[in-house]
Amino acid sequence: DQQVKQNSPSLSVQEGRISILNCDYTNSMFDYFLWYKKYPAEGPTFLISISSIKDKNEDGRFTVFLNKSAKHLSLHIVPSQPGDSAVYFCAASAQDYKLSFGAGTTVTVRA
Amino acid sequence: KAGVTQTPRYLIKTRGQQVTLSCSPISGHRSVSWYQQTPGQGLQFLFEYFSETQRNKGNFPGRFSGRQFSNSRSEMNVSTLELGDSALYLCASSQDGTAYYGYTFGSGTRLTVV
């Protein structure tokens, strides 16, 4: 069963504006949440993570928000740049040495 | 420092054959995990190794196996290949398997079964 869901397969945003990617999860045992970025023919690249004891984590242009009661997290990219065009994966872990991934959201940043 | 190295990058095999993929983790990383990416199923966890011990295994048939060597390098093997095994196989490494600091992925091995 899909424990991590990204319901938006694609997102188009203008350069300089904010990109907001959403992710929902069902497993209450998840305690780490991560976002990865992936270009074609490459492996995923780690962007940012958040522990379940926090509700926000920032790293440069990237901010992840966690709403545990809603089992929802989001990634904000501000400002969006052309190089941000890629597939973004939400992932979660329950301290079991594995990641459960969402299906991914393809972000296109328009000039 | 060098990243996660996966070999070969591309592979074409025939149904019924077996295949071995290799992964060299980042120096100092002792945890290696494997994932399969397909258009239909997305990224699926195969197994994780730490200090030559498998600590977790995903929901894949027994045809999929792996091992880790004392230098932390890992191999995965798929026997009796099926068309549905065509996928991008990704290896990831971390110091101890803790997810918070992220796993570093290799570029993957693209396996095509014909």
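Here, every reference points to the structure presented above.
Residues numbered from 1 in each chain as written. Chains lettered and ligands numbered in written order. Predicted model: local features only at pLDDT ≥ 70, side-chain atom pairs only at ≥ 80, totals over all residues. Heavy atoms only, no water.

A. Expanded view of the interface of chain A and chain B. Tallying the contact residues gives 21 residues for chain A and 21 residues for chain B. Interface of chain A and chain B: buried area, both sides summed, is about 1800 Å²; carbon and sulfur atoms make up 61% of it. The three residues of chain A that bury the most area against chain B are Tyr 32, Tyr 97 and Phe 101 of chain A, which together make up 32% of that side's buried surface. The tally of links from chain A across to chain B stands at 0 salt bridges. Taken together, the links from chain A to chain B amount to 6 residue pairs in polar contact (both at pLDDT 80 or more). Elements that contribute at least two residues to the side of chain A that touches chain B include exactly strand E4 (32-38), strand E5 (45-51) and strand E9 (86-93) of chain A. Here the side of chain A that touches chain B is built from residues that sort into 11 nonpolar, 5 polar and 5 charged. (Contact = heavy atoms within 4.5 Å. Buried area = accessible area lost by both parts, 1.4 Å probe. Salt bridge = Lys/Arg side-chain N within 4 Å of Asp/Glu carboxyl O. Polar contact = N/O pair within 3.5 Å; in protein donor to acceptor, adjacent residues only side chain to side chain. Helix = DSSP H or I, 4+ residues; strand = E, 2+ residues; numbered from the N terminus. Nonpolar A, V, L, I, M, F, W, Y, C, P; charged D, E, K, R; others polar.)

B. Representation of unusual backbone geometry in the model. Of note, the bond from Val 78 of chain A into Pro 79 of chain A is cis; its omega dihedral lies within 30 degrees of zero at -10°. Relative to the helices and strands, Pro 79 of chain A resides in the loop between strand E8 (72-77) and E9. Along the chain, Thr 7 of chain B connects to Pro 8 of chain B via a cis peptide bond; the corresponding omega equals -10°. Of note, Pro 8 of chain B is situated in the loop between strand E1 (5-7) and strand E2 (10-13). A positive phi angle is found at Ser 72 of chain B, which is not glycine, with a value near 80°.

C. Fine view of the environment of Leu 88 of chain B. Mapping Leu 88 of chain B onto the fold places it in strand E9 (residues 87-94). With relative accessibility at 5%, the residue Leu 88 of chain B sits in the buried group. For Leu 88 of chain B, the contacting residues outside a window of four places in its chain are Lys 38 of chain A together with Tyr 35, Gln 36, Gln 37, Ser 107, Gly 108, Thr 109 and Arg 110 of chain B. (Buried < 20%, exposed > 50% of the residue type's maximum accessible area, 1.4 Å probe, protein only.)

D. Representation of the side chain of Gln 37 of chain B in the model. Secondary-structure assignment places Gln 37 of chain B in strand E4 (residues 31-38). Classification of Gln 37 of chain B by relative accessible area gives buried; the value is 15%. If we skip the residues at most four places from it in the chain, Gln 37 of chain B touches Lys 38 and Phe 89 of chain A together with Gly 42, Leu 43, Ala 87, Leu 88 and Leu 90 of chain B.

E. Summary view of the pairing of strand E6 (residues 53-57) of chain B. Examined bridge by bridge, strand E5 (residues 42-50) of chain B and E6 of chain B share 4 bridges and lie antiparallel to one another. Paired with Tyr 49 of chain B across the bridge in E6 of chain B is Gln 54 of chain B. (Pairing = 2+ DSSP bridges.)

F. Geometry of the packing of aromatic side chains. Per the counting criterion, the structure on display carries 15 aromatic pairs over all chains. With a centroid separation of 6.3 Å and 85° between ring planes, the pair formed by Phe 30 of chain A and Phe 33 of chain A is classed as edge-to-face. For the pair Phe 30 of chain A and Phe 33 of chain A, a shared accessibility class is recorded, and that class is buried. An aromatic cluster is present here, built from Tyr 36, Phe 46, Phe 89 and Phe 101 of chain A together with Tyr 35, Phe 45 and Phe 105 of chain B joined pairwise through their rings. Its end group placed over the ring of Tyr 97 of chain A, Arg 55 of chain B keeps NZ or CZ at 3.4 Å from the ring centre. (Phe/Tyr/Trp six-rings, centres within 6.5 Å; stacked < 30°, edge-to-face > 60°. Lys NZ or Arg CZ within 6 Å of the ring centre and 35° of its normal.)

G. Broad picture of the sheet that holds strand E6 (residues 56-59) of chain A. Taking strand neighbours across the sheet as the criterion, the 5 strands line up as E1-E3-E8-E7-E6 (chain A) in an open arrangement whose pairing is antiparallel. The strands lining the two open edges of the sheet, one partner per strand, are strand E1 (4-5) and E6 of chain A.

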